[in-house]
Amino acid sequence: MRNISLIFKQFSKTVLLLAGFAILGFSAHAQGDATKGEALFKANCTSCHAVDHQVVGPALGTTVTEETDDKWLYKWVENNTALIAAKDQKALKIYNQFNQQGMTVFGSLADADVANILAYVRADWKADQAKAAAAPAAGAAGADSGPSSFVVFALIGVIVVAFIVILVLNKVIGTLEKVVLRAKDLAPEEEVAVVPAVDRMAVIRKLAKNKKLVFFVLLCGTIACGSWAWVTMWNTNVHQGYQPEQPIHFPHDLHAGVMKIDCQYCHSGAYKSKNATIPSLNICMNCHKTVKTESPEIHKIYDALGYDPKTMKYDSTKAHPMQWVRVHNLPDLVYFNHSQHVKVGQIRCQTCHGPVQTMKEIYQYSPLTMKWCIQCHKRTEVNYKGNAYYDNMIAVHDRIKRGEKVTEASLGGIECGKCHY
Ligand code: HEC
Ligand code: HEC
Ligand code: HEC
Ligand code: HEC
Ligand code: HEC
Ligand code: HEC
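Described below are features of the structure shown in this document. (Residues numbered from 1 in each chain as written. Chains lettered and ligands numbered in written order. Predicted model: local features only at pLDDT ≥ 70, side-chain atom pairs only at ≥ 80, totals over all residues. Heavy atoms only, no water.)

### Side note on the coordination of the iron atom of ligand 2
The coordination sphere of the iron atom of ligand 2, as far as protein atoms go, consists of His252 (NE2) and His267 (NE2), spread over 2.0 to 2.1 Å. Around the iron atom of ligand 2 sit 6 donor atoms, and with donor-metal-donor angles ranging over 89 to 179 degrees the site reads as octahedral. Note that His252 is positioned in helix H10 (residues 252-258) and His267 in the loop between helix H11 (263-266) and helix H12 (269-272), a separation of 15 residues in sequence. For His252, a relative accessible area of 14% puts it in the buried group. (Donors = N, O, S within 2.8 Å, 3.2 Å for Na, K, Ca; no water. Tetrahedral: all angles 85-135°; square planar, octahedral: opposite > 155°, others 65-115°. Helix = DSSP H or I, 4+ residues; strand = E, 2+ residues; numbered from the N terminus. Buried < 20%, exposed > 50% of the residue type's maximum accessible area, 1.4 Å probe, protein only.)

Here you go:
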């Protein structure tokens, strides 16, 4: 059964992929470069737009796919105020529909850049549509994902325990039989069928004298207590799954998942420094000045900033810092640098932090133990091609081989980060 469902899953995946390529290949619009467009879109547009739903501005998937006049879209993105000032009908209509909020003017983008963005939006929208259409089939195939390794181990555990229980019972029955046989030898024939109640204590005493049985019971007890103590001690100070109550219930699944806001938008530090950093509330205000203004959760942002949504004014005397509770916490004796892993090592946030884009609220996904760090360092291949640091290492290595003078400076010993936090 499992093999058939696996083959079916593989097959449906292939069909989906082929369909995706076909749609992309034959699309009337596909002129720009969607990968370049994706980067531009994420850098400039995701703060106000998503492909499949309204954020601050309209959902771009349908509008951009239905709009046939790409020239108009170039003009709109590069200078929508000019279009509105020129009383362009289409521009006025959408402008009024969105309460004359006005969109940022992107004078720095060329027509080719906008074409790339449009190509990305259209490709992403078509892929979404294809996925939605294929969802029922994929769901049916996905339902039978087979037993997880946890279930397998649990089953093996149950079988081993059952085996031990049977062995013990066998032994006990054997002993009891011996006892009964001996009692038979002593007692008159007719009393043998029923073991008298008074004899029970004698039986227990006899059992206690059976050294093998006593040893076995003690051994089981020691193993159980020992493994409990071992597991408890091993997990001291490991906070995997830790999810403290936060002052604002900030939903990562909505922001990073549904709205696909890049992690970098809020945690820019992760790419350029040791700390990933928690965003300041001003970043939230880029959207929440106008989004969900009635929500009590959003009012917590306003309170902390001393912002009055009625007058739309800030009062800095009422402002106070937001007390987020830190989730991930390495002890001070460990030096961990985000940019080394994210930027240089090219490791995705999700490898260490788990599926953040589906987390309702953030929790600690990895154990953050030394074993965890070491295991990854043993298994991960370092990509040294095109990396100036490793080019330098190779150059130094060659000099060492030739027996030339090498200073600590040439090994990076005067870079600030080698001595300073
Ligand atoms: C500051 C928020 C903001 C940013 C950033 C922004 N937009 Fe907009 N966009 C809007 C708003 C609001 C509207 C609705 C019209 C209006 O009020 O001016 C809009 C409308 C549009 C429309 C017209 C949709 C239609 O129905 O015809 C397009 C196309 C568009 N934006 C594309 C983009 C692209 C591409 C980017 C990135 C380069 C971008 N926008 C960045 C806020 C923004
Ligand atoms: C719109 C802004 C925003 C985006 C986008 C965002 N985050 Fe966050 N993130 C926050 C805020 C605010 C907190 C602090 C509140 C909390 O812990 O829930 C946080 C907390 C975290 C934490 C826990 C920090 C700690 O205390 O240890 C991790 C890990 C994290 N984010 C990872 C990510 C990843 C990975 C992504 C991208 C998939 C991402 N975030 C996208 C705003 C954002
Ligand atoms: C790019 C725009 C954007 C940014 C930046 C942003 N949000 Fe949001 N956020 C939204 C939108 C849109 C929704 C509403 C989604 C929906 O329910 O339709 C939302 C919903 C929420 C909600 C749920 C509100 C409720 O009552 O359901 C909370 C809480 C929230 N945001 C907090 C924050 C915080 C805190 C930050 C800053 C760290 C932040 N957001 C940054 C766009 C943004
Ligand atoms: C190699 C594993 C790893 C990767 C990859 C990684 N992180 Fe972290 N992250 C950690 C560890 C470990 C901590 C705890 C650091 C500490 O306590 O000093 C942490 C802490 C954080 C924190 C909270 C504290 C801080 O440093 O400001 C945030 C926010 C965060 N990570 C976000 C991200 C984002 C966003 C990405 C992707 C761009 C990312 N992380 C990639 C391991 C990782
Ligand atoms: C997901 C895998 C992964 C995990 C988990 C991880 N690392 Fe790394 N780490 C790497 C990779 C890959 C590099 C090499 C990056 C490069 O190319 O320089 C690296 C490099 C480093 C370096 C620099 C080493 C040098 O020679 O300069 C330090 C220090 C480091 N990691 C500390 C940690 C600590 C501390 C933890 C645990 C809290 C950790 N790492 C967890 C993958 C990981
Ligand atoms: C080889 C190790 C080493 C390197 C590399 C190094 N420093 Fe330092 N730095 C030190 C030591 C030790 C001190 C403390 C002694 C002192 O104040 O003179 C210090 C002190 C400082 C101080 C003064 C701090 C204070 O509170 O007085 C600053 C600022 C500083 N370093 C910046 C840098 C910068 C920027 C770089 C990179 C260009 C750098 N350092 C590289 C070892 C180093």
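Back to the text.
### Here's the deal with the coordination of the iron atom of ligand 1
Within the protein, the iron atom of ligand 1 binds to His49 (NE2) and Met103 (SD); these donor distances fall in the range 1.9 to 2.0 Å. Its 6 donor atoms give the iron atom of ligand 1 angles of 88 to 178 degrees at the centre, a pattern that matches the octahedral case. Taken together, the residues span a long stretch of sequence, with His49 in the loop between helix H2 (34-44) and helix H3 (60-66) and Met103 in the loop between helix H5 (89-97) and helix H6 (111-143) at a distance of 54 residues. Note on His49: relative accessible area 9%, which makes it buried.

### Some points on the packing of helix H13 (residues 281-288) against helix H14 (residues 296-305)
Packing of H13 against H14 brings their axes to within 11 Å, and their N-to-C directions diverge by 125 degrees. In terms of their interaxial angle, H13 and H14 are classed as oblique. Once H13 is placed against H14, the crossing between them reads as left-handed. Residues Leu281, Asn282, Cys284, Met285 and His288 of H13 touch H14, and the partners they reach there are Ile298, Ile301, Tyr302, Ala304 and Leu305. Residues belonging to the contact of H13 with H14 are distributed by class as follows: 8 nonpolar, 2 polar and no charged. (Axes fitted to C-alpha atoms, helices over the stretch in contact; angles between N-to-C directions. Parallel < 35°, antiparallel > 145°, perpendicular 65-115°, else oblique. Left-handed = near helix turned anticlockwise from the far one by under 90°. Contact = heavy atoms within 4.5 Å. Nonpolar A, V, L, I, M, F, W, Y, C, P; charged D, E, K, R; others polar.)

### So, the packing of aromatic side chains
This structure, assessed with the given rule, holds 5 aromatic pairs. When the centroid spacing of 4.9 Å and the interplanar angle of 50 degrees are considered together, the rings of Tyr307 and Tyr314 count as tilted. Taking relative accessible area as the criterion, Tyr307 reaches 5% and is therefore assigned buried. Relative to Tyr390, the ring of Tyr389 lies with its centre 4.9 Å away and its plane at 85 degrees, an arrangement referred to as edge-to-face. Feature note: the residues Tyr302, Tyr307 and Tyr314 constitute an aromatic cluster, connected by ring pairs. In this structure, Lys90 packs its charged tip against the face of Trp72, placed 4.8 Å from the ring centre. (Phe/Tyr/Trp six-rings, centres within 6.5 Å; stacked < 30°, edge-to-face > 60°. Lys NZ or Arg CZ within 6 Å of the ring centre and 35° of its normal.)

### Quick word on the packing of helix H4 (residues 70-85) against H5
Packing of H4 against H5 leaves a shortest axis separation of 10 Å and a crossing angle of 75 degrees. In terms of axis orientation, H4 runs roughly perpendicular to H5. Of the residues in H5, those in contact with Trp72, Trp76, Leu83 and Ile84 of H4 are Lys90, Ala91, Leu92, Ile94 and Tyr95. Each residue belonging to the contact of H4 with H5 can be placed in one class, and the counts come to 8 nonpolar, no polar and 1 charged.

### Here's the deal with the site of ligand 1
Lining the immediate surroundings of ligand 1 are 22 residues, of which Cys45, Cys48, His49, Thr63 and Met103 lie closest. A distance of 3.4 Å separates a nitrogen atom of ligand 1 from a polar side-chain atom of Trp76. Taking Met103, its main chain carries an N or O atom lying 3.4 Å from an oxygen atom of ligand 1. Using a 2 Å cut-off from the grid points, one finds that ligand 1 occupies the second largest pocket. Looking at the shell around ligand 1, the elements that each hand over two or more residues are H3, H4 and H5. For the shell around ligand 1, the leading source of residues is H4, giving 3 residues. When grouped by side-chain class, the residues that make up the shell around ligand 1 number 14 nonpolar, 8 polar and no charged. (Near = heavy atom within 4 Å. Polar contact = N/O pair within 3.5 Å; in protein donor to acceptor, adjacent residues only side chain to side chain. 1 Å grid on protein atoms, 1.4 Å probe; cavity = no way out; pocket = protein on both sides within 12 Å on 5 of 7 lines; lining within 4 Å. Sits in = over half its atoms within 2 Å of the grid points.)

### Considering the side chain of Asn337
Residue position: Asn337 is located in the loop between strand S2 (313-314) and helix H15 (338-344). Note on Asn337: relative accessible area 14%, which makes it buried. Side-chain polar atoms of Asn337 contact the backbone nitrogen of Gln340, separated by 3.3 Å. Setting aside residues up to four positions removed in sequence, Asn337 forms contacts with Ser273 and Lys274.

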